[in-house]
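Here are the chains, one letter per residue:
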Amino acid sequence: MKKVLITGFEPFGGAAINPALEAVKKLQNATLNGGEIVICDVPVTRYEAVDTVIAAIEKYQPDYVITVGQAGGRAAITPERVAINVDDFRIPDNAGNQPIDEPVVVDGPDAYFTTLPIKAITRTLQENGIPCQVSNTAGTFVCNHLFYGVQHYLRDKEIGHGFVHIPLLPEQDTLGNQATMSLDVIAEGLRLVAQATIDNPHDVAIGAGQIC
Ligand code: PCA
């Protein structure tokens, strides 16, 4: 029986809701074949976000960690390929921090790659009718910060981890011109991310590259 920790970010930037937190709450009692899910909510705050997830890892001792955040404008669930060692916040985080071009970890490596099977995850969601694409940038705000910080903490541990961005909910698209996905589809998509992670200890070689 594998244990999967799935974390969701709180609302940020003045918003009242974050689909990551809402979806993760729905997953509390979701079932997996050969696994169980534990959850944790995460403040959108530099350093505190990483500390919160590390505390949850130490508490639950999971086999895998899936950190989740909202990506306004994206139409698909997007497992991230890479975290970079840069904090360049376009808006302040929830504690008012707004670093410009500072490292997440001083003297850390430039980047960490995900240790989740993102190609197998993408194929699984697509086969189940849920829009999913590999993303090659997690941005430079708190999501990338958390992705990098957790990957750095896990660098010498046998725990898989990766970050997944999800679209906005329909109720967040007040102007009616942004891509959205329903909460039920997002939650099922994240459940399948966890299931595919358990089912694929080694990733599959499927192209998911992009030409700019
Ligand atoms: N999305 C933001 C931070 C929290 C969240 O859900 C990001 O992409 O950095």
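To be clear, the structure that these remarks concern was listed above.
Anyway, here's the lowdown on the structure attached to this text. (Residues numbered from 1 in each chain as written. Predicted model: local features only at pLDDT ≥ 70, side-chain atom pairs only at ≥ 80, totals over all residues. Heavy atoms only, no water.)

## Focus: the overall build of the protein
Part 1: From N to C terminus, the protein includes 5 helices and 7 strands.
Part 2: For the protein, the sequential pattern of α-helices and β-strands runs β-α-β-α-β-β-β-β-α-α-β-α.
Part 3: For the protein, the C-alpha radius of gyration of 16 Å lies close to 17 Å, the compact-globule estimate for 212 residues.
Part 4: Overall, the protein is about 45 × 40 × 40 Å in size when its C-alpha atoms are taken along their principal axes.
Part 5: Burial analysis of the protein (212 residues in total) assigns 52% to the buried set.
Part 6: A separation of at least 24 residues holds for 79% of the contacts in the protein among residues at least 6 apart in sequence.
Part 7: Carbon and sulfur atoms make up 49% of the accessible area of the protein, which amounts to about 9800 Å² in all.
Part 8: Positive and negative side-chain charges in the protein, numbering 14 and 25 respectively, have mean positions lying 5 Å apart. (Helix = DSSP H or I, 4+ residues; strand = E, 2+ residues; numbered from the N terminus. Rg over C-alpha atoms; globule rule 2.2 N^0.38 Å. Buried < 20%, exposed > 50% of the residue type's maximum accessible area, 1.4 Å probe, protein only. Contact = heavy atoms within 4.5 Å. Areas by Shrake-Rupley, 256 points an atom, 1.4 Å probe, with all protein chains shown as cover. Lys, Arg positive; Asp, Glu negative; His and termini not counted. Charge placed at Lys NZ, Arg CZ, Asp CG, Glu CD.)

## Topic: the pairing of strand E7 (residues 160–166)
Part 1: With 7 of 7 residues buried, E7 is to be regarded as a mostly interior element.
Part 2: Residue alternation in E7 divides its side chains into two sets, Gly-160, Gly-162, Val-164 and Ile-166 and His-161, Phe-163 and His-165, and both sets are buried.
Part 3: Relative to E7, strand E3 (residues 64–70) runs parallel, the two sharing 7 bridges. Residue pairing for E7: Gly-69 is matched across the bridge by His-165. (Pairing = 2+ DSSP bridges.)

## Regarding the sheet that holds strand E2 (residues 35–42)
Part 1: Pairing within the open sheet is mixed, and its 5 strands lie in the order E2-E1-E3-E7-E4. Edge positions in the open sheet fall to E2 and strand E4 (78–79), since each of these has one partner strand only.
Part 2: Along the sheet, helix H4 (residues 142–153) makes contact with strand E1 (2–9), E2, E3 and E7, crossing E7 at roughly 170 degrees.
Part 3: Contacts from helix H5 (residues 183–199) reach E1, E2, E3 and E7 within the one sheet, and its direction differs from that of E3 by about 155 degrees. (Axes fitted to C-alpha atoms, helices over the stretch in contact; angles between N-to-C directions.)

## Observations regarding the site of the ligand
Part 1: Within the structure, the ligand sits among Phe-9, Phe-12, Asn-18, Val-44, Gly-69, Gln-70, Phe-141, Val-142, Cys-143 and His-165.
Part 2: In this structure, Asn-18 approaches the ligand through a side-chain N or O atom, which is 2.9 Å from an oxygen atom.
Part 3: Separating an oxygen atom of the ligand from a backbone N or O atom of Cys-143 is a distance of 2.9 Å.
Part 4: Sorting the residues of the shell around the ligand by element identifies E3 and H4 as the ones contributing at least two each.
Part 5: Taken together, the residues that form the shell around the ligand break down as 6 nonpolar, 4 polar and no charged. (Near = heavy atom within 4 Å. Polar contact = N/O pair within 3.5 Å; in protein donor to acceptor, adjacent residues only side chain to side chain. Nonpolar A, V, L, I, M, F, W, Y, C, P; charged D, E, K, R; others polar.)

## Brief notes about the packing of aromatic side chains
Part 1: For the structure shown, the criterion picks out 5 aromatic pairs.
Part 2: Ring geometry for Phe-12 against Phe-141: centres 5.8 Å apart, planes inclined by 50 degrees, an arrangement best described as tilted. Residue Phe-12 is located in the loop between E1 and helix H1 (19–26), and its partner Phe-141 is located in the loop between helix H3 (118–127) and H4; the two are separated by 129 residues in the primary sequence.
Part 3: Chaining the aromatic ring pairs together yields one cluster made of Phe-9, Phe-147 and Phe-163.
Part 4: Residue placement shows Lys-157 over the ring face of Tyr-153; its charged tip is 4.2 Å from the ring centre. (Phe/Tyr/Trp six-rings, centres within 6.5 Å; stacked < 30°, edge-to-face > 60°. Lys NZ or Arg CZ within 6 Å of the ring centre and 35° of its normal.)

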